[in-house]
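# Summary of structural features
Each chain, letter by letter, is given below.
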Amino acid sequence: MSDLLQRVRDLLPESYPWPDLFQYFPEVGSTNDVLKVLAKQGAPQGTALMAGAQTAGRGRLGRSFQSPPLSGVYLSMLLRPRCAPAQLMHLTCATAVAMCQAVEETVGIRPGIKWTNDLVWQRRKLGGILTELGLSPEGWVEYAIVGIGINCATPDFGPELRGITTSLEQITGQQIPREALAAAMLTNLARMSQELTAQRQAILHQYRRDCITIGQDVSLVQGDWVRHGRAMDVDDQGALVVRLPDGTIEAVNAGEVSVRGMYGYV
Ligand code: BTN
């Protein structure tokens, strides 16, 4: 058994329901992709994978997520909620709140959330969340995979991302124990999965508090079509409620639209 796997398991609280379903791989393509294969083979709820590095880490809207060796926590968890996809519209929001909590418990700072799925600190990206659903032929949720990447150390992400990303080491000036962060992420994901339906309103209330996009002027990017507006709220489905210049109000969906600040990434 790898050292890191054992150290994470040792740090999980007694109440953590799935310690034996956590696995660690030094390197994979994408933890979401590996977990998707396991999900289709019938892996149970709570199966979780962490990788030391990803060679094909993926982000939302087909983007890549840079995952250099030992520089972040790259982790995915499999959930099997028995419901229709419409009841899981807030899953990414719930995961984001759980990850803010995990970071706060581990390092003592609470990141903000850039709608819908980015963890940010002082206008820079600290991490991201990729949620993927598998549906049965009848349209029910067969599995949900929540994948999270959080930058711990600060490698040079190259000119494209320089000035846009940050890391917990950069923020705190301290080395971050990845195993402690991973254990806190797993613990908060397990709690989130138990509260997802019953605590929906409380989760969304906390999401709105953590979300730095609300109240900002934003650009809505949909392919080549760019519109501007003011982000007013996040609705109960997790959609961003935007007031457009002509006064109309539109709820934009995370699957379709990418949101940027008017003058940069946030
Ligand atoms: C984004 O920035 O749009 C989301 C990034 C999500 C990255 C995580 S890392 C673990 C999991 N595996 C992946 O390939 N992606 C997610």
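So, a few notes on the structure that sits alongside this text. For clarity, every value in this text was computed on a predicted model and none was experimentally measured.

What follows covers the overall build of the protein chain. Along its length, the protein chain carries 6 helices and 12 strands. Here the protein chain has a C-alpha radius of gyration of 18 Å; the compact-globule value for 266 residues is 18 Å, and the two agree. Over its C-alpha atoms, taken along the principal directions, the protein chain stretches across nearly 60 × 45 × 30 Å. Buried positions account for 52% of the 266 residues belonging to the protein chain.

This part takes up the site of the ligand. What surrounds the ligand is a group of 20 residues, the closest being S30, Q54, R58, R60 and K125. Side-chain polar atom of T31 to a nitrogen atom of the ligand: 3.0 Å apart, as the coordinates give it. Contacts to the ligand include R60, whose backbone N or O atom sits 2.7 Å from an oxygen atom. For the ligand, whose free accessible area comes to 410 Å², the fraction covered by protein is 98%.

For P81, the position within the fold is in the loop between β3 (72–79) and α3 (91–107). Spatially, the C-alpha atom of P81 lies 7.5 Å from that of A144, the residues being 63 residues apart in sequence. Excluding its chain neighbours within four sequence positions, the residues that come into contact with P81 are Q45, L88, V141 and A144.

In this sheet, strand β9 (residues 225–234) lies alongside strand β8 (residues 217–222) in antiparallel orientation, the contact comprising 6 bridges. By the bridge assignment, V218 is partnered in β9 with G229. The loop that links β8 with its antiparallel partner β9 comprises 2 residues; one of these, G223, has a positive phi angle of about 65°. Bridge analysis of β9 against strand β10 (residues 240–243) gives 4 bridges, and the strand direction is antiparallel. Bridge pairing links R230 to R243 in β10. Hairpin geometry of β9 and β10 is characterised by an intervening segment of 5 residues between the two adjacent antiparallel strands and by a positive phi of about 90° at G238.

Summed over all chains, the structure comprises 2 aromatic pairs. Seen in terms of ring centroids, Y16 and W18 are 6.0 Å apart; in terms of plane orientation they differ by 85°. Their pairing is edge-to-face. Ring geometry for F65 against Y74: centres 6.5 Å apart, planes inclined by 75°, an arrangement best described as edge-to-face. Classification of F65 by relative accessible area gives buried; the value is 15%. Given a relative accessible area of 1%, Y74 falls into the buried group. Lying over the aromatic face of W225, R227 brings its terminal NZ or CZ to 4.1 Å of the ring centre.

Looking now at the environment of D10. Residue position: D10 is located in helix α1 (residues 3–11). Its relative accessible area of 56% is what places D10 among the exposed residues.

What follows is about the side chain of T31. Following the sequence through the fold, T31 ends up in helix α2 (residues 31–40). With sequence-adjacent residues up to four places away left out, T31 is seen in contact with L49, M50, A51, Q54, Y74, L75 and S76.

The rules we used
Along every chain, residues carry numbers that run from 1 in the direction the sequence is written. With the structure being a predicted model, the display of local features is reserved for residues of pLDDT at least 70 and the display and counting of side-chain atom pairs for 80 or more, all residues being used for whole-chain, interface and lining totals. Only heavy atoms go into the side-chain values, all of them from the structure, while hydrogens and water stay out. What counts as a helix is a DSSP run of H or I of at least four residues, what counts as a strand is a run of E of at least two, and both are numbered from the N terminus. In this description the radius of gyration comes from C-alpha coordinates, and the expected globular size is given by 2.2 Å times residues to the power 0.38. Remark: exposure states derive from per-residue accessible area (1.4 Å probe, protein chains only) relative to the maximum for the residue type, with buried under 20%, exposed over 50%, and partly exposed in between. Proximity is defined per residue: any heavy atom of the residue falling within 4 Å of a molecule or strand makes that residue near it. As used in this structure description, the phrase polar contact means that two N or O atoms lie within 3.5 Å; if the pair is within protein, one of them must be able to donate a hydrogen and the other to accept it, and residues adjacent in sequence are counted only when both atoms belong to side chains. We get accessible surface area from the Shrake-Rupley algorithm with a probe of 1.4 Å; when it comes to residues, only the shown protein chains can shield them. In what follows, residue pairs with any heavy atoms lying within 4.5 Å of each other are defined as contacts. Only strands joined by at least two bridges in the DSSP assignment are considered to pair. Aromatic pairing here means that ring centres of Phe, Tyr or Trp (its six-membered ring) are within 6.5 Å. Orientation follows from the plane angle: under 30 degrees is stacked, over 60 is edge-to-face, and everything else is tilted. Criterion for a charge above a ring: Arg CZ or Lys NZ at most 6 Å from the ring centre, at most 35 degrees from the ring normal.

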